[in-house]
Structures are given as structure tokens and as C-alpha cells.
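Given next are the chains, with one letter for each unit.
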Amino acid sequence: MTRLNFYLKYAWRSVLRGGQRSFFAVLCVAVGVAALVALQSLSASIRDTLIGDINTRAGGDVIATGVTLNNAPTSDTASQYLNQLKSSGQITDWAALYRTNIQIRGYFSFPPTLYSVDPAHFPLYGKVEMVEPSGGDFRQLLSQPGSIIVSKYLWDKNGYKLGQELEVAGQAGTTTSAKTARLKIVGMVKPDLPGVGFDAGLIFGFALTSQQTATTFINLNADNGPDPTYYIKTPPGTDNNRVVRLLQSAALSMGTSFEGYDSGLFYRVQTATELQEQIGKNLNLVDDLLSYVGLLAILIGGIGVVNTMLVVIGRRTTEIATVKALGLKTRQTLTIFTLEALILGTMGSIVGVVLGVALGFGIKGVAEGLFFRPLNWGFYPGPIIIGLIVGILTSGVFGFLPSYAAGRVRPGIVLRQQNTTLPRIGGFAAVIIVILMTLALGVIAGVLLRDLTIGVIVSFVTLLFLLFLTAVMYVIVLLTGKLPAPFGPSLKMALRSFSRHRGRTATTLLVMTVGLFFITFIVIIADSIKTSFRQTFDLNLGFNVVALNPLAQQTIQIQSSIQKDVPGVQQVFAGNSISAQITSINGQTPNPLGSSSTSGVSRPGSRPRGGSYVTLSGRSLANGVSVSPNGPQPLLAGRNFTPDDTGKNVLLVVKDEADRFGVKVGDTVTFETTPSSIGPSLTQPTPKTIPFTVIGIVGKGTSTAQFEQGWVAPFETVANAGSQFSIFYMLIDRNQMKQALTQVQGKLVGGFVFDLGDLIDTFSRILDQVLAFPLLLSLLSLFSGAILIANNVALAVLERRTEIGVLKAIGAKRRRVLNILLWESGFVGLLGGLIGVGTGVILALLVPFLISLTSRSGSSASDLPITWSPLTAGLLLLLGVGLAVFATVISAWGAVQEKPLVVLRYE
């Protein structure tokens, strides 16, 4: 015990004597532990939110999805069956939730989702928390006839108020018009409902009504109507798997079954436990990713400990030799300095835990945008314990190598030569120590990743990868140190000092490079996607409003009415489509050359893509002129549509498709068309065989999104072939946009009207929310690099104390000494910026090419045009340099103020 007390006192005094160098070592560990604790806490928060109270999250003990397809039993049948089970005591209660998109008059963005529930029963578990009115009773509010509750997104976006009335409409059927209703807003809720998982309503907004209110404008039991989800509550102790089997056999007991579904009543039935396991498996990837990022942050802290310990031991070789000459054994020296590393790790871990809890709460706010819902947050002891243990163990593991070097100090040689250089450890011993250190880190990683084997493999792979990258940075540092210095002796001395400790500088440079690389890559890809989206919906396409019309039979009349009656409409034309197979070309069987990206997206009930299966698009004329929604299309051969082609079997073919099938002007192409509908159907529609004459070959168009596919016929021809929907493309004067959109919406009750400008803003918001989290992680890496630079500068000042004292003694001003250190660290920030930003730009520019290589659909490299701003790259470069300079000023300011006499007297 006496010996242990001596070890601890010696190690503790060494930490206190370290002063600034100990502070920055502690800070390095604290930053790593803070990142680990924050990310682990976030992981716990995500799990707590999504599967913590599984019955609330799932909505019930058993969850079943109903069927409202053509010829399927109605939801009334399912309700009767569930009531029978409730009467017999096999279930306690049940609640249904219907999902459908609705039209809100005056709202022209992505259509919100309407959730229709019975407030007397929904939710079975948990509760719906009201934001407005605060503390309001959800069931009482929704039970009022004609009431509606909206989500926070809709409330904020439209500036809704309590008591405000909304005119809403459900979706129109293929042959029936939609009904409208005026509903009163009675409340607002956050985007989090029991039983509603990852759903479009959480992203684009939703509303809640009672089923009684919903039936005033939606036929919940109609063919192709909304599919109901049934949440079922069972008595305590019930075998829920037995209930699942009972529900799955419901069709057999009623003499009904449908191919491809569990039953005619329910085509998916699962227990809350099964849902929990499914979500848990999906979350394991998130957990592993967050744990890995946290371990990398701890690794950066470990590097700070190694650097500090090596400098400390290098400065104290005479002291070590003296105490060893007085009888201190090698193993005792090893123990003392390992304890010193553990003390640094303990102090850093404690500080890191405090910072991590605060940081985790901030990260939570960013992650909520990624999951589109508020996340639960509480006190999670697990991440705190993990952060403490991992931080202390990692510091001890990383401190072992310099401690081993201290143990190899030979007292006789050092005392005789007054040499302060650490002895070499030896190649074989160093390799063994590094392997053991990596193995120890692998065990730590394995515990966090829940698999020791995977943890060890990940640890060694990461080690090899980091060694490779560090070797690259080492070479860069070496070459940089040999550059000429044209700006005077300060720069020359800075360059010499820059390459003096190449290993330390290389690791710091690597951390800065990684942070700036990811920030650059994320920013460029995000800006490119936004730019591509804006270009897709640019006014140059010929429209800035899109409207979906389910009543295809009335398309021409509605188009004429919009052109004549709606103010500000400069151009309007319609499009439609139908699935088709090319059965012959000039009487011969088609032999396409591979697949094409222009063959279209398969719709419900359509035939599979590829080969001779295509999508036949229809196009009406705009003021007698043929206009493509894909943007200006050059006419390469033949002619375009004219008013005389209305209803005729004539065809325009995009050049890519013409080349693929060997089609030219004048050829006869015969299609077998498959009538389509908006909703899925269990009935097989009857195909039609139609011959078309090719009248023109056109270019692809300027849009990156292909609203029309490669085969285009007159609108009426495609409609007669069986297309049961249409899309209006309109160019409207922005000064009259609101009034015009409201009138168009009134003509398309049951359809949806989109202001493309609003769609762009919404898409940009969603993209920003999704990318904010990885961007934050990259900024954490960059901040860690700045801390590491501050630590390195503090150590460099300690090592060069005599050098700085001599410089000041011969006349160097404090400014000159600080300039040398600023130049030195500035090189790290500059090189990190050049490499990180440069590789980020290069990789981003290669993304379209990589997509084209891996895409099975043959997407071209131009499908995602990469745009990047030299100004943004320059600002990111300045960010790296600025962090390095700021870290240098903080860590070196006190040292350059010291008087040279004090330094030289004791050195």
C-alpha cells in the first residue's frame, strides 16, 4: 500500500507540474469522451423513442393492415370480425387508423396526410400530446363534429390559428368526383403519434379527424380507398402469436382468400414484439455507426495523450535516470508513467462526461430533423459509464507506449552524457506493443459493437488504414519541410520546425484533413442536389405549376377552362401515361440493345420494366404547339405534333430509345397497352394492341427528371388506350400565382396542385435536415483537430523553451516568436485544407461517374450534375487555417510572454 501511495503521489505531482501540457492532454481526452457520450446518449434516445414503450410505438399488442382493393372485403367486414373477437374476450379492444392524402384549399405543396381515427378508442396505448391548446384533451377535441387537428409543420407553414376553418377534399376516384368539407381547427400536435412510424405525414405534414368527420368527404370503404391499420389490444398474459394466427385465418373462416395476402381481411399481421425486433435490427446499424464515430473521437484523444507523454518523458529523462540510479526499478517506472496517463484519462473522462451530456442535448435537436420527430431525452447512465471506462482505458493503453520508453532509460548513460533523448524502443518490441494496444482497443470496440470478433477486426482494419493515411501525411510533411522559404527567416524557421516532429504533425494533419474532407463533400453534394432539383423545375421547362388530375375523361375540358378562366396562366398542357409492350417494329419482333433509363417507372398493376416493356406517354398541345414537360427538346428528324394529330396513332421517339430499338421516322411500332389506374387492383385489366407510326425523333430534353418517357403519343390516343389519370403542366405569372392556384384547385377537387417553387423550398428543407447530422459529426472532427493542434503547439513550446529563450535574448520580439509558431501551425491548417477540401471536391465530381458505373439502369454521368463554388472551397480552406491559428494563439500566448532570463537560467 505504501508503494502504491508513492506511485500515485509521484504520478499526480507529475500531472500538476505539467501545467498547460497536462491541460491540453486532458482536453484532448475530454473532447473524445464528450463525443462518445453524446453519440451513445443519442443512440439511447433514438431507441427510447422508437422502441422504448413498444406498445405505444406500435399502437397495440397486435397490428394488422386491412385491404380495400377491388373485390376485397370492406373494412366493415373486418370491423365486425374484430368486434366478435372482442365480445368473446379474445381481445380487449381495437382501433382503426386510415391514411389518405387530402387537398386543403389554399395549400399547394406536397399533399398532407390525413389520419382518420375513432377518438373513443385511439390511441389504445400512450396519448396524443396537444401543443395547442396546451394540455387539451385530444379525444374530447376530435370528437366534436367537423373538427380537425393539424401537425406543427402545417400549423407553422400556413400560420393557422385555433378556430380557423379549412376547406378540405379527399382524393377523387377514377370515375367519381371528390367531396369537400369545411372543418374547424381545434388543435395542433407535434409530429409524433402512437402507432405511426416512418411515414410521409411526419415529413410533409398531417392532419387528424374522427372517422365520423372523415366520412363526410371520404368513402373509407370504397374500392382503392385508404388501407386501414388495426391496432389490437389483448388481455394480459395472452399469447399474441395465437391472436396473429387467428387473424391470419380470418379469410378461411369467411370463405374468402386472395393470392399473395395472408387473408382477405388482413394482408399483414404482426405482434408488437415482432415490430420491436424489426426496428431494433434496423437501429443496430445506427448504433454501430454512432459507436464507431465515438471511438474515432476517443482515438484522437488518445493521440493527444501519446504526444503529451512522449514530450513529458523526453523532458524528464535526467529525472528518470536519477530516480532509477537511486533504486527505482524499470517496472516501477512503467507503472508510474502509466498511472500518470490514467490520471490524465480520468480527469479528461470526467470533464468529457459533463461536456458530453450537454453536447448530446444539442445533437438531439439536429437528429430530430433526421428522424422527422421529437426524440425522448432523459438521463442515460449507460453512455456515462461507457464514456468513463473507455476514456480511462484508452488513455492507459495509449500511455503505455511512452511509459515503456521511459522504462528503457538507462541511468548510467543519461547521467554521464546529459542527454534528453528518449532511447529507441526497438522494432520488434514496438510492433508487439502496438498489436497489443490495438487488440485492447478492439476489445473495447467489440463491447460497444456487441461482437468481440467484429470489434477486433474493425480495430485492426482501422489501424492499418490510419497507418497508411498517416504515412501519406508523413511524406507530405517531409516534402513540405524542404520547400524554399522566400519570406524571410521566420518562415524558414517555421518550415524547419514544421518537419521536426513529422509523426506528430502527420497525425494532426490527418485529423484536420478528414474533418474538412467530409464537410466539403457533404456541402458540395447537398448544393448539387439542390441545384439539380431547381434546374429540374426551372421556368425554362415551360411550367412552374403541376396539377394531378384523377378524372382523365375531363382533362381536355379542364385544360380549356384553365386557359380561358384562370388569371395569369401563360401556358397549360396535359400529359398522361400507360404501361405498354412493344410487340413488333415494322412487323418484326423487337430486339432492343440492353435496357434504358427512359423506359419509365412501373406503376401498380403494370408489367415489369426492361426489354421491350416501356411507358407510353401522352401529350396535349399548348396553344396549338407541342411542348415537352422535359424541357426544350430539339427535333432531330421528322416533325413534331400538330393540331391535326389529335387522337391519331402517331409517335415521337426520344433518340436514346430510337437508337436502342433501331427506330426511324416512318416506322410502324405496335404496342400492347395495359390500362392503368391510380390505385392497385387485384383484377387483371384487358390489354389492347395498337399500331403507331413514328413521325419524329427528338432529343432527351434539358430536365434531369423525365416527366415524359421515351415514347410519346397524342394525349387523346393514350387516354383511349386506358390511361385513367392526367397531369397538367402550367406556366403562371408569379404576381398572380396565389389567385391562379386557388382557382385551379377549385377546378380539380380531389386532385393535387403543386407550386414548384414551394416544392423546391420544402425539398431543400428536408435535405438540410437530413445532412445536418453528418455535417455536425464532421465539425466535431475538425474541432478535435484544432484541440490537437493546440496540444501540439503547447508541447512544441515546451520542447523549444531554450530555443525561444535564446531567440528573445538575441533580440527577437514576442511578435517574431509568435509569428514562427503561427506560420508552423498555419501550414498544418493550410495543408489540411488543401488536401481535405481538394479531395472532397474531386470525390464529389466523381460521384456521377461512380453512379453510372454501379447503376443497373444505365444512368448517365450527367443525371446528377455536380456544382461547386470556389468561394465555398476557399471559405472552408480559411476555416482550417483559422482554427489552427486560433488554437496556436491560445496555447502559445503565455509562453512567448516569458522573459528569456527565466528560461535560460533553468534550462
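Structure: see above.
Basis of the calculations
- Residues numbered from 1 in each chain as written.
- Predicted model: local features only at pLDDT ≥ 70, side-chain atom pairs only at ≥ 80, totals over all residues.
- Heavy atoms only, no water.
- Axes fitted to C-alpha atoms, helices over the stretch in contact; angles between N-to-C directions.
- Helix = DSSP H or I, 4+ residues; strand = E, 2+ residues; numbered from the N terminus.
- Parallel < 35°, antiparallel > 145°, perpendicular 65-115°, else oblique.
- Left-handed = near helix turned anticlockwise from the far one by under 90°.
- Contact = heavy atoms within 4.5 Å.
- Nonpolar A, V, L, I, M, F, W, Y, C, P; charged D, E, K, R; others polar.
- Phe/Tyr/Trp six-rings, centres within 6.5 Å; stacked < 30°, edge-to-face > 60°.
- Buried < 20%, exposed > 50% of the residue type's maximum accessible area, 1.4 Å probe, protein only.
- Lys NZ or Arg CZ within 6 Å of the ring centre and 35° of its normal.
- Patch = residues over 30% accessible without salt bridge, like charges linked within 9 Å, V, L, I, M, F, W, Y side chains within 5 Å.
- Areas by Shrake-Rupley, 256 points an atom, 1.4 Å probe, with all protein chains shown as cover.
- Salt bridge = Lys/Arg side-chain N within 4 Å of Asp/Glu carboxyl O.

**Student:** For this particular structure, what's the right way to read the packing of helix α20 (residues 555-565) against helix α23 (residues 737-747)?
**Tutor:** The relative placement of two packed helices comes down to the angle between their axes together with the axis-to-axis distance. Direction vectors running N to C along α20 and α23 enclose 155°, while the axes themselves pass 11 Å from each other. Considering their axes alone, α20 and α23 lie roughly antiparallel with respect to each other. Relative to α23, the crossing made by α20 is right-handed. Taken together, the residues of α23 that come into contact with α20 (itself represented by I558, S561, I562 and D565) are Q743, V744 and K747. Looking at the contact of α20 with α23 residue by residue, the classes come out as 3 nonpolar, 2 polar and 2 charged.

**Student:** Just checking my understanding: could you explain the packing of aromatic side chains for this structure?
**Tutor:** Under the definition given, this model contains 14 aromatic pairs. Seen in terms of ring centroids, Y115 and F206 are 5.4 Å apart; in terms of plane orientation they differ by 50°. Their pairing is tilted. Remark: F206 occurs in strand β9 (residues 206-210) and Y115 occurs in strand β4 (residues 113-117); sequence separation between them is 91 residues. Take F206: its relative accessible area is 0%, and that puts it in the buried class. An aromatic cluster of three or more residues is present, and its members are F543, F573, F707 and Y729. Positioned above the aromatic ring of Y125, the side-chain terminus of K233 is 5.0 Å from the ring centre.

**Student:** I tried to follow the environment of V523 on my own but got confused; where do I start?
**Tutor:** Structurally, V523 is set in helix α19 (residues 502-536). A residue is classified by how much of its surface remains accessible, and V523, at 21% relative accessible area, is partly exposed. For V523 and V841, which are 318 residues apart along the polypeptide, the C-alpha to C-alpha distance reads 9.7 Å. Filtering out sequence-adjacent residues up to four positions away, V523 remains in contact with L775 and T872.

**Student:** What should I look at first to understand a nonpolar patch on the surface in this one?
**Tutor:** On the surface, I432, L436, L439, V443, V447 and L452 cluster together into a nonpolar patch covering about 520 Å² of accessible area. When residues in the nonpolar patch are grouped by element, the largest group, 5 residues, is from helix α16 (residues 427-449). Relative to the helices and strands, V447 is located in helix α16.

**Student:** Mind showing me how you'd approach unusual backbone geometry here?
**Tutor:** Most peptide bonds adopt trans geometry, and most residues besides glycine take a negative phi value. Note that the residue after F122, namely P123, is joined by a cis bond; omega there is -5°. Here P123 shows up in the loop between β4 and β5 (130-132). Of note, the bond from E132 into P133 is cis; its omega dihedral lies within 30 degrees of zero at -10°. The phi torsion at N586 lies on the positive side, around 55°, for a residue other than glycine.

**Student:** Would you take a moment to explain the pattern of salt bridges for this structure?
**Tutor:** Pairing of side chains with opposite charge becomes possible as their charged atoms draw close. Inspection of the entire model under this criterion finds 14 salt bridges. D192 is paired through a salt bridge with R57; the nearest N and O atoms lie 2.7 Å apart. Taken together, the residues span a long stretch of sequence, with D192 in the loop between β8 (180-189) and α7 (200-204) and R57 in helix α3 (residues 54-58) at a distance of 135 residues. According to the relative accessible area criterion, D192 is partly exposed, its value standing at 22%. We note a salt bridge from E165 to R182, for which the minimum N-O separation is 3.2 Å. Here the residue E165 occupies a position in strand β7 (residues 165-169), and R182 occupies one in strand β8, the gap between them amounting to 17 residues. When its relative accessible area of 52% is taken as the criterion, R182 is described as exposed. One continuous salt-bridge network, built from bridges that share partners, spans E165, E167 and R182.

Purely spatial values, then, with no claim about function.
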